[in-house]
Structures are given as C-alpha cells and as structure tokens.
Amino acid sequence: MDEGFKVLIADDEYWTREKLRKMIEWEEYGLTLMPMAGDGEEVLARMEQEKPDILITDINMPFLNGVELLKEIQENYRDVVTFVISGYDDFEYVKGAFLAGSMNYLMKPVSKIDLVNAIIKALEIIQERRSQQEQQAQKKLELSKAASLMQDREFSQLLESREMLSAPHLAMESGMELASVSLTLVKVHNMSHLMKECGYDMNLISVKMKNRIREIVGTGALMVFNYIYRSNEFLIVSGMEKEAFIRLAEKMIQELCGWVQSPLTIVVSDPSYSLYSIQQAYVQAVSLLMTRKFTPDSCFMPSGEERASEEEVKNRFSQVQAKELQILLQSGNRKGICELVFEKAGIRRCTKEKWSYLEVRQTVKRILNILLTDAEKRLSPKELLQAESMGEMADKAVELLDEAYLCEIIEGMIDSVLEAGTEDTADTMQEIVHQAAAYIREHYFEPLTLSGLAEQFHVEHSYFSKLFKKETGETLMMYIAGLRIRKAVEYMKENAGSLTEIAFMVGYDDYTYFNKVFRKLTGVSPRDYKKNMELAGF
C-alpha cells in the first residue's frame, strides 16, 4: 500500500476489542490501528484531532449508541468510512445505522474473513473518493491555467507600445478605480527553482506566483498579471497608499524569496491616472530597476527615492582600457585580456563593490562589442555566430545577478574569439566530452553552466571549455543553445503548446531571450518559423 490509513474501533466490551485487535496484522497492510474507544462519546471527543479514515463501531454502547454516533459522523465527518457490528436481535438498530450513513455491517461473532472483506471495501471506497477528488482538482487547475493565460496575454498588451483598443474594456472588467493607481514590478531574477518545482509548466508557475502575490496584497491588488514576453516579471496594479504598499512589499520579499529561491526586485512607479499610462509606468519601473545594486540580495525600490542619474553612473571601462583590450586581442594575449577585463576593469569585483545593475550592463556591453568587432576579422561565420550568441548569454547572466556565471561566459567568449584550444586531446578526455554531451541531451531543459558541468565531470572548467569545442566544433553554451532550439522546433511540429510555453519547456524562462537565440540560430523569429511550417503542411 502506498500510504497508511487509520482505523478506529469502538466497542464497550474489552474482549471484543482485543479479539479485533489481534485478528489482523494491521501494520503489514499499511493500516494504523488507533487506540480503541469504549463508547461513542469518546469517539466524538477524538475525531477532530485524530482524524481516522475508517470507523468500526458496535451498535449497542452506553452513553451514545452506534446509531447516534453515526449520525454525528455523517453530519460532521463525511469523509470517514463507517460500518457497524451488530447481533441478530439488533435489526432495528442496523436499519437505523444504514439510514445514518453506515457503509457496511458485521454480524457477531465477527470472523476474520468478514473483517478483512469489510476493510477491503472501505479502502476501495476511500481510494475511489480520492481519485475523484484528484481528477476534480486537476480539472480545476487546468481551467485556472487557461483563465490565467488569457488574463496575462490581454493585460500584457497594455505594456506594448501599439494602440490599446481594448484598454477601456479591461478597465471595466478589472473594477479599477482609476483616480490614482500605481504599477508595481516584481522581478524574479532566477526562475530555475520555480521551473523545476512546477515541472517546467509556465502557466502553472504564473498561476501559483500570482496567487501568492494576491494572498499577500489582498484586496489592494486591483490587477495582477504575468508579462508574457518576460516570464520572470509580474505586474501589480494597486490603488493603495504608498506607505501601506511599502509594508506589503517588505512582507512580499520575506515570504516569496524562500519560496522562489531567487533574489527579487520590487519596484513601484509613480501614481498614474489612466490605464493608458501603465505602459509609461512600466518603462519608469524598469528604469528604476537599472539603478539597483548588482548583488544577489532582494530589494524594494519605491518611486520618489533618490536614484542614480546618468551623470552618477560610473564609466567602469575607459577609452584607455578599450584601446588596451584591442591591442591585447591583436597579439592574442589571453592572460593579459583576462587580467584587464576581470581585474583592472573589475568585472570580478562588481558584486563586492556594489556596482549598479546598469553599470554592469554597460561595462559588459562595451567589452563584448570590442570582442565581437575583433572576432569579425578572424572567425568563420559559424564561429562568429557562436561568439554573438555567447554575448546574448552574458546579458542573461547579468539579469541573474550572478557574477561568477557572468565571468564564466565572458571568459568562454574570449577563448572563442582567440580560437583557444589547440592541445591534443587524450582518449579519456574525449570520453568525458562525449559523456557530458550525452548528459546535456538528457537534461537540456535544466539550468546548465560550464562550471557546473566541469565540476560534475571533475575537469578544470577552462580546459573543459577548450576540450568541448575541439571535440564538438561548438562552444559548450552554443551546443546547449542549439540543442534547445532544435527541441523547440520539434515541439512546434508536434503543436505541443504556445511559443511561450515551448520556450519554458526547453529551458528559457524569458521569451524575449528565447526569441533572440532562436532568431540568431535559425535566421527567423519563432513565430515566423512556426508560420512557415504550417504553410509547408507540417
């Protein structure tokens, strides 16, 4: 048996209770025989706390007889399966017991086979009930997911720049008071734990996350939706006062962080006075998010706080350093390049020194642009494509607030540009690469990093990177990206879900990023690719 069931026996005769106790090896069948009761009043006193699954009761007991007890059970504990023990002269009581909801009865003296058959029948009833409950719960969940997806798609259009013809209708449906509302952006920087917990079901994640937000914010949330083009962003439209929302935001961080196992950024825009202003409020929230510190800590950023201006954002990579990087690339000095990028420019200290999110993005972009410009001169089209795709991965690493992963991506890109990895490959190392490739094919939808795979296969990560490229002709991250996109195409052919759902299924929690990678590797957007397949008859 998969799970235990609790059995409570009530009889006022001690020897009858003992006989029933010894008649079956209860534990061998996954049954827990609870301490027996001597009368009906004792049963009722224990029901709420002990919650038995099966109740076997004598019909004739003092204080509260079996029929009266069953009426109470039927009224207050309908999930409990009940049956009675009676003698030949208790027909009227037995009739009353059935009317009170008993499922079965045993005639005295009770035989082992009768007791076993009664227990089997009770277990079948319980399992059937639970199966029906699970089916109903699953059906309810599927309906909730469908309604949630419709809501997310419609409300996400409010954040797009195109004309919002449906906005007035949405306002009426949401019951919003538009005198003064604010938009709150809740950004989950790392969705990997939620994806795994929810079986890589994007709609389920959306439903669960929005429900948790509503529980915390309560009636103050006029609208909660998931921005479908950035699956890790949840938007709350609220009419609450700023001070009240600050308290709720702190509670949100406390309660959500442990659940999602990711840093959060919660940003509140200035008040808006029209639903048409939500798009501008979103832009303001994203702009404020850029000023957060690049640390793996959650933070709350209400509007009106002092924020970094363009003048206050430091230029962490100077023109002198840019020129030095170009010279080092020309000479192929890998050691000098890594020292300049990671130590002098300080990418490896950006968390410790608390750079702003925007400073990290700008610095990484400048470095990658120089690397890609150099790559155009020396790499083949395929190799250049790999280097460009690694640049997209670096952008994603910035969003994850993961300094180590970011440095790993940049170092891999440096190797790609310099065409590092000319050493001879031993047979044992070739086998390791093949094993790693096989593992990736099985786990392509999970978070995969160079350092994580190198550690798993007990190889120094820089050497592993060079080795992998030599054996496969692709960098590790490009191999993963290519596999994910090929799987996405297979799902499109099978019509396995919407494009945003397919992105989730192959390991991308951000549709915008998935769209970039897909376009980079196939030359067209996922939407156009799917449309072309449909026209071709797939």
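Predicted model, so just to flag it, every value in this text is computed and none were measured.

1. Let's talk about the overall build of the protein chain
A count of helices and strands for the protein chain gives 22 helices and ten strands. In the protein chain, which comprises 538 residues, the share counted as buried stands at 53%. Per element, the accessible surface of the protein chain, about 26,600 Å² overall, is 50% carbon and sulfur.

2. As for helix α13 (residues 357–378)
Over its 22 residues, α13 runs 32 Å from end to end, which matches the ideal 32 Å to within 8%, given 1.5 Å per residue. Among the residues making up α13, those that are buried are Y357, E359, V360, T363, V364, I367, L368, I370, L371, L372, D374 and A375. Contacts from the buried residues of α13 go to α10 (278–289), α11 (319–331), α12 (334–344), α14 (381–399) and α15 (403–418).

3. Focus: the environment of M252
With respect to the helices, strands and loops of the structure, M252 is situated in helix α9 (residues 242–260). Considered as a pair, M252 and L264 are twelve residues apart in the sequence and their alpha carbons are 9.5 Å apart. Apart from residues lying up to four places away in sequence, M252 is in contact with V186, I216, V217, I236, F245, C257, L264 and I266.

4. Concerning the nonpolar core
I347 and F464 are the most contacted members of the largest nonpolar core, which has 104 residues in total. No other element matches helix α19 (residues 476–493), which puts eleven residues into this core. Discounting residues that sit within four places of it in the chain, I347 has contacts with V341, F342, W355, T363, V364, I367, E403, L406, C407 and I410. Judged by nonpolar contacts, the second largest core, of 32 residues, contains V186, V188, Y200 and C257.

5. Describing the packing of aromatic side chains
Note on aromatic pairs: each is described by the distance of the centres and the angle between the planes. The tally for this structure, following the rule as stated, stands at 15 aromatic pairs. Seen in terms of ring centroids, Y229 and Y511 are 6.3 Å apart; in terms of plane orientation they differ by 55°. Their pairing is tilted. In this pair, Y229 is assigned in the loop between β7 (221–226) and β8 (233–238) and Y511 in helix α21 (residues 511–522), connecting sequence segments 282 residues apart. Comparing Y229 with Y511 shows no difference in burial state: the two are buried. Both rings, one in Y439 and one in F457, keep their centres 6.3 Å apart while their planes meet at 80°; by these two values the pair is edge-to-face. Residue Y439 is located in helix α16 (residues 427–443), and its partner F457 is located in the loop between α17 (450–456) and α18 (461–472); the two are separated by 18 residues in the primary sequence. Among the aromatic residues, ring-to-ring pairing joins Y227, Y229, Y282, Y508, Y511, Y513, F514, F518 and Y529 into one connected group. One residue, R212, lies across the ring of W259, its end atom 4.5 Å from the ring centre. Directly above the ring of Y508 sits R484, whose terminal nitrogen or CZ lies 5.2 Å from the centroid.

6. Thoughts on the sheet that holds strand β10 (residues 299–302)
Here five strands make up an open sheet; going across it, the order is β7-β8-β6-β9-β10 and the pairing mixed. The two strands at the open ends of the sheet, each matched to only one other strand, are β7 and β10. Mean inter-strand twist for the sheet, computed between neighbouring axes without regard to direction, equals 15°. For strand β6 (residues 182–188) and strand β9 (residues 264–268), the ladder comprises five bridges, and the chain directions are antiparallel. Residue pairing in the sheet places V186 in a bridge with I266 of β9. With respect to the sheet, α9 is in contact with β6, β8, β9 and β10, its orientation differing from that of β9 by roughly 165°.

7. Overview of the confidence of the model for the protein chain
On average, residues of the protein chain score 82 in pLDDT, and 88% of them are at 70 or above. Element-level pLDDT for the protein chain is lowest in helix α6 (residues 167–174), with a mean of 40, against a maximum mean of 93 in β9. The low-confidence segment residues 162–178, where pLDDT is below 50, has 29 contacts with residues more than four positions distant or belonging to other chains. Below a pLDDT of 50 lies the segment residues 420–425, which in the model reaches 13 contacts outside its immediate sequence neighbourhood of four places, other chains included.

8. Observations regarding the state of the cysteines
This structure, assessed with the given rule, holds zero disulfides. The thiol sulfur of C350 is not disulfide-bonded, and the nearest other cysteine sulfur, from C407, lies at 6.4 Å.

9. Overview of empty space enclosed by the protein
Under the criterion given, the structure shown has five cavities of 30 Å³ or more. By volume, the largest cavity is sized at about 80 Å³. Lining the largest cavity we find M390, E408, I409, G412, L450, S465, T475, L476 and M477. Looking at which element gives the most residues to the lining of the largest cavity, the answer is α15, with three residues.

10. Details of the layout of surface pockets
What the largest pocket holds in volume is close to 590 Å³. Residue lining of the largest pocket: 30 residues in total, with L400, Y405, P447, L448 and T449 positioned closest to the centre. Of all the secondary-structure elements, those providing two or more residues to the lining of the largest pocket are α7 (192–197), α14, α15 and α19. The wall of the second largest pocket is formed by 19 residues, among which R230, M290, R361, E399 and D510 lie closest to the centre. Of all elements in the fold, only α10, α13, α14 and α21 reach the threshold of two or more residues within the lining of the second largest pocket. Here the residues of the lining of the second largest pocket sort into eight nonpolar, one polar and ten charged.

11. A few points about the pattern of salt bridges
According to the stated counting rule, one finds 20 salt bridges in the structure shown. When the shortest N-O distance is used, the salt bridge between E324 and K344 registers 3.2 Å. Here the residue E324 occupies a position in helix α11, and K344 occupies one in helix α12, the gap between them amounting to 20 residues. Put simply, R334 and D415 hold a salt bridge, and the shortest N to O gap is 2.5 Å. With a gap of 81 residues between them, R334 in helix α12 and D415 in helix α15 connect regions that are remote in the sequence. Taking the relative accessible area as the measure of exposure, R334 reaches 22% and is therefore partly exposed. Judged by its relative accessible area of 5%, D415 falls in the buried class. Here the salt bridges do not stand alone but share partners, grouping K187, R230, E233, K396, E399, D509 and D510 into one network.

Conventions adopted
Residues numbered from 1 in each chain as written. Predicted model: local features only at pLDDT ≥ 70, side-chain atom pairs only at ≥ 80, totals over all residues. Heavy atoms only, no water. Helix = DSSP H or I, 4+ residues; strand = E, 2+ residues; numbered from the N terminus. Buried < 20%, exposed > 50% of the residue type's maximum accessible area, 1.4 Å probe, protein only. Areas by Shrake-Rupley, 256 points an atom, 1.4 Å probe, with all protein chains shown as cover. Expected span 1.5 Å × (residues − 1). Contact = heavy atoms within 4.5 Å. Core = buried A, V, L, I, M, F, W, Y, C linked by side-chain atoms within 4.5 Å. Phe/Tyr/Trp six-rings, centres within 6.5 Å; stacked < 30°, edge-to-face > 60°. Lys NZ or Arg CZ within 6 Å of the ring centre and 35° of its normal. Pairing = 2+ DSSP bridges. Axes fitted to C-alpha atoms, helices over the stretch in contact; angles between N-to-C directions. pLDDT = per-residue confidence, 0-100. Disulfide = S-S within 2.5 Å. 1 Å grid on protein atoms, 1.4 Å probe; cavity = no way out; pocket = protein on both sides within 12 Å on 5 of 7 lines; lining within 4 Å. Points joined across faces, edges and corners; volume = space filled by probe spheres on them. Nonpolar A, V, L, I, M, F, W, Y, C, P; charged D, E, K, R; others polar. Salt bridge = Lys/Arg side-chain N within 4 Å of Asp/Glu carboxyl O.

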